[in-house]
Each structure stands twice: as structure tokens, then as C-alpha cells.
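A closer look at the structure
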Amino acid sequence: MATKPPAGDPVQDAPQVAPPKHAAAGLPAIGYTALVAQQQMGAVRATRTLLKVNQKDGFDCPGCAWPEGDKRHVAEFCENGAKAVAEEATLRRVTPDFFAAHPLSDLAGRSGYWLGQQGRITQPMYLPEGADRYEAVTWERAFEILAEELKALDSPDEALFYTSGRTSNEAAFLLQLFAREFGTNNLPDCSNMCHESSGSALTETIGIGKGSVSLEDLHQADLIIVAGQNPGTNHPRMLSALEEAKRAGAKIISVNPLPEAGMERFKNPQTAKGLALGGQKLNDLFLQIRIGGDQALFRLLNKLIVETEGAVDELFVREHTHGYEEFAAAARAADWDETLAATGLTRAEIEQALSMALASRRTIVCWAMGLTQHKHAVATIREVVNFLLLRGNIGRTGAGVCPVRGHSNVQGDRTMGIFERPAPAFLDALEKEFGFAPPRHHGYDVVRSIEALRDGKAKVFFAMGGNFVGATPDTEVTEAAMRRASLTVHVSTKLNRSHAVTGRRALILPTLGRTDKDVQKSGKQFVTVEDSMGLVHSSRGNLKPASPHLLSEPAIVARLARATLGAGSTVEWEEFEKDYATIRDRIARVVPGFEDFNARVAKPGGFRLPHAPRDERRFPTATGKANFTAAPVEYPTVPEGRLLLQTLRSHDQYNTTIYGLDDRYRGIKGGRRVVLVNPEDGRELGFTDGSYADLVSEWKDGVERRAPGFRVVYYPTTRGCAAAYYPETNVLVPLDSTADTSNTPASKSVIVRLEQSATV
């Protein structure tokens, strides 16, 4: 039987610190996986559940979007995936009695870790205006409350419909369909906070906002560059793909302000070599770059390629690209001294990277939020595309762009139409299929949604999953904005901070998880997801639901639509709830690439969506070719006595879900309020290893944003740079500090000063 959740919040202000590790996974990963599974699920339930993770007849891991190969291991999951499954399949329950015992004021004072450890929510809960406790409510009453609020709005654009990346294709399609029939494109999603910069840059340069590589391409690459990404913590199954690539002869360069244990050495827990023989060294070159210096690095590499005789693939450039001459002129102007200052690298390191790039015929660049969450993020990713185009490395086996996505269906949600700026062709297809005229004006993304709530322009907030309050920037501003709403609604499996920061009224609507069986009137259902590389496959839960009072996400949207739109709707909402195959039939007629959806997804492993640049070397851009770009080089400049802070995850978390208080690979145990600082910077600033500091961000608005009580940890970071965990440091990220074009919060480049802490 699983253990009880923690009774009180553990002390988090006195973490133990040890030297960082130089290898990832191995026996410790197996041991910790077994421990967490036992604590949350019990041995029998854990075994039965974990053996279905990422299997062709099982359910998709609710963690990251890394793809599976055709041949699956018996244990096709990583340590963090097992944690995600254990948290969802837990035997712990949050009942109405729990809410009676814990008023809102109590929940608001709890940590995210404690809230998440309480277990699965079992019934719909309602917080009346002026009340301090949630109370149980029927589903019928919950939908009445929500429909009343929506109908009372002066405009449909006063409603916001947020989507987490765990939402299935079917539920996402229904949510955008309802929002647009209701009359708004206010469909912010977690892409707005993570890979929006990737989509913006790739759509402009290659014509499709997705990566161009497959898992098999990684295995066949000559050179893989991993920039701004921590695979050992955030995408551990990627390490297996890199290991296979190394065995086939690939070279690997990692570009990161922090050393990353998984990139140093991977001890594959599924092989004898990984467990007993020391594992596989992955890095061939580690470029320990200054935060935000990536655009300058790739620009200089591009200059050197352009100036090297025979290095440019002139046939590819001539036949498949546009804008080369303007780009080449900008590249030739790149300056060595400026680049060395921007990157913190040496000339020898950059020359070694160039040599490896020139020796490679098939090159892949992978990246994550370390590239996407800066003011100049879109320009940086465009420069990465320039780097690949120069040598014909898009549309070639073993080569291409590889943005590594987070949540398991964040890419699929966007494919299904969760986007505040929908393409006219998508809206045309919706109108033709469903017989109503969807709105054409753009809606609010995440940052603009917060501004709309703050300014009284939005009044109802509806979230399909996620932890909006915990994930978004400028915490105090965001929380004040949420409290101005007339109604906040969260479709959730477990508690998080967002349930404690509410509008005047609030609803919690408990839903099925990926691990749960989903039975509707037509029988047992499955849903589908799209992974980070464009493969669409089915997901079937195998566990008895945590409560008989849960509804699936598609059922919740269908019933909400019926309650709100009534007989005037042109959509067959009741049929969609009965049988998800009917949803897929309509997706097949609206979304390109999903033709004959039901038949194709019934095949084990699913199907791959078309990708014109990869499949045909055809680039559906405005010019009809892949576009070189020539943006000015930017990088953060930091005043003397200040540091440039990046927010990041610990190993014991996934996005804002905190599994525990340890960061094993970085040597942190029993706490999260730590700031990783280069020892020389720490001494210059007057902070000893183990002292405590308040982190205070500095922004042009002059507002003080403070995160108090962080232990200073001397760590091998790049000089002038620091790192600390989110969501604790989201308070430091100004709401209007965002990436150009994509409007993604610039959470990876926050200028901070350290002040002696008065709270510890």
C-alpha cells in the first residue's frame, strides 16, 4: 500500500550541498524510480502500470514529448517519466474532506511540492464568492456556473481558454472548436512560454514551425550540437539516442552555461555497459558559453564557413534558398573580439567547433529553452537555421533542426488549432466543416492574457490542465491579475498553486489522467498525441479511475459547450463525448496530414505527419524557398556588480510539478532555494559559499522584484552568470521582458543583484 502524503511542508531553507555529478542515470536512477513508484502506487500497481508506459498498446508518458522507436524496451521510460506516472497513478486522494480541513488561506501558504503530494482530486469543487473553502458541487451545477459567467460577458473576448501540453489531440481540437464557436481566439497555451520562439523562427525560414528530424536521423548524424538544453534532467530518454549516435560514429558538441552530467557521461540503466562498465562519454566538445551568447557563436561560425573555400553547399543554396547574399554580407562582418566577449569562449574552442562542423556532412542542431527564452531568441534560432542551410543540412538524412519539446503533446495541441493567431486556411476549414463563422481577429497569448486580466479586459479564465500561476512570469503581477477575474476554472488531476490563487469564484474540475481507463457510451476510448518529431500515436490508460466522479477532458469540453451554446450550436457535441472516433473523423477533414485518421492511428506505433522541408526539400515560405536571414547580433549586457540569471528545473521536477527536493546531478539535497554562482563572482560580490542572499531583478520599469532567502552555492557556471530553480524565481521575470516576435518570457536572461538576506 502506498504511503501517506507529507503532513506538513518540509523545511526548504537549509539544503545540503555536495559536488556536482559527472554522469547521469545508472543504478541510482533505478533505485530512485523504484522508491518513488513504491511510495505512490505500491509494488503491484507500480509494476502493472510502468510496463504499459510508452508501449504501442499502452499509454503515452505524461512527461516529455521525446519519441519512441519502432522497437521498444520492456521498460520504455526514464526516471522522470516514472515519477510523472507515479504522481498520476498515486493511491493518494484529495477528497471534499481535505478541502473542508484546508481553507484557501492554508493552501495559499503551502509549497507546490506539498500540494502536489496530496494526491488525485476526486470530485468537482466550487469556491463561492467571499468563501475561504472549496465545497463539493455536482457536475451539472459546475457547468451551470461556468455557462452563466460566459453568457454574462460583454464580449466573447473577455474569456480566456488556456491549454497545457498534456491535453490530448481530441480534447485540444474540441477546446479550440468550442472557443471559436463561442466567438474568441483567446487560446493561450504553454507553447507561448517555451517553444514559441522556435515556431516563429522556423515558420519564417523553412515554412513549418516544427523540427525536421526523426529519431533515426539522430542515429545517422555525423555531428549533433545540443545547445541550451539539459537532456539528463529534462529529456533523459534523449541520452539513449545520443548514445546510439555515438556508437555509430557521431561527434557531439554541447553548448551550455552549466556543465550537464548527462552530456558528460551516460550510464544507460538498460545495458550492462551502463550499469557496470562506466557508461558512454557523450561530449566531444563542451562550449561553456555565456548566457545569451548563442547567436554570436553561430554568426561567427557562419562567417568562417562562408569564408572557407568549398565549405558552402553552393548547389543547395542556389536551388533551395533565398537571401544568401544579404546574409553572407552580415556574416562576413562578424567580429572575433565581440564574439569572444559575448560568448566567454576562447578562439581555440570556436575553431575546434568549426573544424567539427566542416568535417560533418550530416549535422543536427538540438535546442530547448536555453535558446528560446531570450529577447533575441527568434534571431538566435534563425542563425541556427542559417548554419544548417549553408551546408545543405535540411532535407538530408541524418541532418536538420531539432527543437526538443517539453510536455508530451504540446506540439499536437498547436497542430489541433490551439493558437491565438490561427492561419486563415485553418479557419476556412473549420467554417466549411462545422457551418459557423469563426472569429478572424487575433486573440491573446499568455503574456497578453495576464495583461488582459490585470487591466479588466478579461474576466473568465479556463485552464485545461497545467499550473498557470506557477508557470508564468512576474508572479506578483500574475497573481493579482488572476484575483481580478470573476471566475477561474481549472481542469486538473492534482492540486497546484493555481487552485489557491483564484478569481472571485473558482471551480476545480477533476479529470481522467493518461493512466486511467476512459469508458464512454460507445465503449472504451483512446486518445492520441503527437511527439516532438511529428509522430502521431494512440494512448490507452489501464487503471481504474481515481474516482467515479471524474470526467475525461473531451467530455468536459463537450458538456461545457452544450451548457453554454445550447441548441444554437452547429456542432454535434453529444456525439463527440460518446465516441472519440467521431472527433478524429472531423479532425481528418480539417487538419492537413490527418486524412483517414482513425485507420492510420489504429496501426501499432501510429503514423508520421508530412514535413515538406524534410520529405521533399520543399519550403512552403513566402518566397517558396528556405530563407537566410541577417538580423543584427544581440546578447545581454550586464552592469558591473550584477549577474545574469537563468531559471531552470531541478532533477526532481517536471515544469512546475515538484517530485522531490533533491537535484542529484547538481549535488543539491533537501531544498530548492539555492542560487548557483561561479566562485570568483561570489567572492567579488562578497558572498561566501553557503551564505544567504535575496535575488533582486533589475528592469527598466524600476519595480523591485525580490526572491528572498536563497543559499549561495559555489558552482562551475560561466563567469557573470547564475542559475536558480523556477517557479521560485518566476517572480523575478518582468511581464514585459519578452522575446521579439514570439513574445515568450525572457526567463533565461534576468539581470539580478544579490543582497544579504534578512529572512534566513
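The rules behind these values
- Residues numbered from 1 in each chain as written.
- Predicted model: local features only at pLDDT ≥ 70, side-chain atom pairs only at ≥ 80, totals over all residues.
- Heavy atoms only, no water.
- Pairing = 2+ DSSP bridges.
- Helix = DSSP H or I, 4+ residues; strand = E, 2+ residues; numbered from the N terminus.
- Axes fitted to C-alpha atoms, helices over the stretch in contact; angles between N-to-C directions.
- Buried < 20%, exposed > 50% of the residue type's maximum accessible area, 1.4 Å probe, protein only.
- Polar contact = N/O pair within 3.5 Å; in protein donor to acceptor, adjacent residues only side chain to side chain.
- Parallel < 35°, antiparallel > 145°, perpendicular 65-115°, else oblique.
- Left-handed = near helix turned anticlockwise from the far one by under 90°.
- Contact = heavy atoms within 4.5 Å.
- Nonpolar A, V, L, I, M, F, W, Y, C, P; charged D, E, K, R; others polar.
- Core = buried A, V, L, I, M, F, W, Y, C linked by side-chain atoms within 4.5 Å.

What follows deals with the sheet that holds strand β23 (residues 607–608). Sheet architecture is open: 3 strands sit in the order β21-β22-β23, paired in antiparallel fashion. Each end of this open sheet is capped by a strand with a single partner; those strands are β21 (527–530) and β23. Bridge analysis of β21 against strand β22 (residues 535–539) gives 4 bridges, and the strand direction is antiparallel. Within the sheet, the bridge partner assigned to E530 lies in β22 and is V536.

To continue, consider the sheet that holds strand β25 (residues 643–648). The sheet built from 6 strands closes into a barrel, its strands ordered β25-β32-β29-β31-β30-β33 with mixed pairing. Adjacent strand axes in the sheet meet at a mean angle of 45 degrees, parallel and antiparallel pairs treated alike. For strand β29 (residues 674–677) and strand β32 (residues 721–725), the ladder comprises 3 bridges, and the chain directions are antiparallel. Considered in β32, the bridge of L676 is made with A723.

Next up on the list: the environment of P604. Examined against the element boundaries, P604 turns out to sit in the loop between α30 (597–601) and β23. Here P604 falls in the exposed class, since its relative accessible area comes to 63%. P604 sits 548 residues away from K56 along the chain, and the two C-alpha atoms are 5.6 Å apart.

Here we take up the pairing of strand β14 (residues 363–367). Counting buried positions along β14 gives 5 out of 5 residues, so the element sits mostly inside the fold. The alternating pattern of β14 places T363, V365 and W367 on one face and I364 and C366 on the opposite face, and all of these are buried. Judged from the 5 bridges that link them, strand β8 (residues 223–227) and β14 form a sheet pairing that is parallel. Following the sheet pairing, I225 is matched in β14 by V365. Both β14 and strand β15 (residues 400–403) contribute to a ladder of 4 bridges, which runs parallel. Within β15, the residue paired with C366 across the bridge is C402.

As for its position among the elements, R391 is in the loop between α21 (377–390) and β15. Within the local environment of R391, its side chain forms a polar contact with the backbone oxygen of S360, the two atoms lying 3.1 Å apart.

At a closest axis distance of 10 Å, the pairing of helix α15 (residues 294–306) and helix α19 (residues 347–359) adopts a crossing angle of 60 degrees. Considered as vectors, α15 and α19 are oriented oblique to each other. In this structure, α15 meets α19 at a crossing whose hand is right-handed. Facing α15, whose interface residues are L297, L300, L301, L304 and I305, α19 presents I350, A353, L354 and L358. Looking at the contact of α15 with α19, its residues break down into 9 nonpolar, no polar and no charged.

This part is about the nonpolar core. Membership of the largest hydrophobic core comes to 60 residues, with the highest contact counts inside it found for L150, F161, F173, F462, L507 and W573. No other element matches helix α8 (residues 169–182), which puts 8 residues into this core. Every residue in contact with F173, bar those within four places of it in the chain, is listed here: M416, L430, F434, I583, R586, I587, V590 and V591. V384, V385, F387 and I394 belong to the second-largest nonpolar core, a separate cluster that totals 50 residues.

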